[in-house]
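Residue-level structure breakdown
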Amino acid sequence: MTAPPTPPTRSTLAGAVDWEALRNAARDAMSRAYAPYSGYPVGVAALVDNGRTITGCNVENASYGLSLCAECGLVSALRQSGGGRLTHFTCVDGAGEVLVPCGRCRQLLYEFGGPDLILETPEGFRTLDEMLPQPFGPGHLA
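To start, this report covers the structure provided alongside it. Numbers given for residues are sequential positions, taken from 1 along each chain in its written order. Reporting of local features is limited, given that this is a predicted model, to residues whose pLDDT is at least 70; pairs of side-chain atoms are given and counted only at 80 or more, and all residues count toward the totals for whole chains, interfaces and linings. The basis for every side-chain value is the complete set of heavy atoms in the structure, and neither hydrogens nor water enter the calculation.

1. Observations concerning the nonpolar core
Here the nonpolar core consists of buried residues drawn from Ala, Val, Leu, Ile, Met, Phe, Trp, Tyr and Cys, with membership extended through side-chain atoms lying within 4.5 Å. Each residue is placed in one exposure class: buried if its accessible area under a 1.4 Å probe, protein chains only, is under 20% of its type's maximum, exposed if it is over 50%, and partly exposed if it falls in between. If you look at the biggest cluster of nonpolar residues, it comprises 20 residues, and the most contacted ones within it are Leu74, Leu86, Phe89 and Leu128. Secondary structure elements are defined from DSSP: runs of H or I of at least 4 residues count as helices, runs of E of at least 2 residues count as strands, and each element is numbered from the N terminus. Here this core gets four residues from one element, more than from any other, and that element is helix H3 (residues 70-80). When near neighbours in sequence (up to four residues on either side) are disregarded, Leu74 contacts Val44, Ala45, Ala46, Ile54, Thr55, Gly56, Leu86, Phe89 and Leu109. If you look at the next biggest cluster of nonpolar residues, it comprises 13 residues, including Ala25, Ala45, Leu47 and Phe125. Contact definition: two residues touch when any of their heavy atoms are within 4.5 Å.

If you want it as structure tokens, here you go:
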């Protein structure tokens, strides 16, 4: 009988990814955020399974409920640029510091990255499965 695969550790999750370059892409995206109401610009960057890097930033609106989070921009860029699956993700605040996505955004990322998406967090690297236990997904609609 074959032993079950060993789950990845925090250090192996980081892998050979250039996280500094990914963070810099997120910081660049954050510099284009439109956040005149909250004063809280956010930028995100992710790697796609075909090697592309995509980015997004938050875009606020005077009617607050119409504001778009950075992750929405990222997913739109993913779909517009040919699709694929997200593999690695980072998010930064206005100071360029690593930030975790909110619960709503984790659910959005789940749709396009799944449980194995690796997120950089202030506490290290985590899979989306760790950050969003028992997610709602397409299988629930079957």
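Let's pick the thread back up.
2. Quick word on unusual backbone geometry
Phi is positive for Gln134, close to 50°, though the residue is something other than glycine. Tracing the backbone through its elements, the reader meets Gln134 in the segment after helix H5 (128-131).

3. A word on the sheet that holds strand E2 (residues 53-57)
Two strands pair under a simple rule: DSSP has to find at least two bridges between them. Taken in spatial order, the five strands of this open sheet run E2-E1-E3-E4-E5, and their pairing is mixed. The open sheet has two edge strands, E2 and strand E5 (124-127), and neither has a second partner. Ignoring strand direction, the axes of neighbouring strands in this sheet form an average angle of 20°. Pairing geometry for strand E3 (residues 86-92) and strand E4 (residues 118-121), over two bridges, is parallel. Its bridge partner being in E4, Phe89 is matched across the sheet by Leu119. Axis angles are defined between N-to-C directions and span 0 to 180 degrees, where every axis is a line fitted to C-alpha atoms and, for a helix, only to the segment in contact. Against the sheet, helix H2 (residues 19-30) touches strand E1 (43-48), E2, E3, E4 and E5, its axis set at about 55° to E3.

4. With respect to the pairing of E3
With six of seven residues buried, E3 is to be regarded as a mostly interior element. The pairing of E1 with E3 spans six bridges and is classified as antiparallel. Considered in E3, the bridge of Ala45 is made with Thr90. Handedness of the β-α-β unit built from E3, helix H4 (residues 103-113) and E4 comes out right-handed. When the strands point away from the viewer and the path from the first strand over the helix to the second turns clockwise, the crossover is right-handed.

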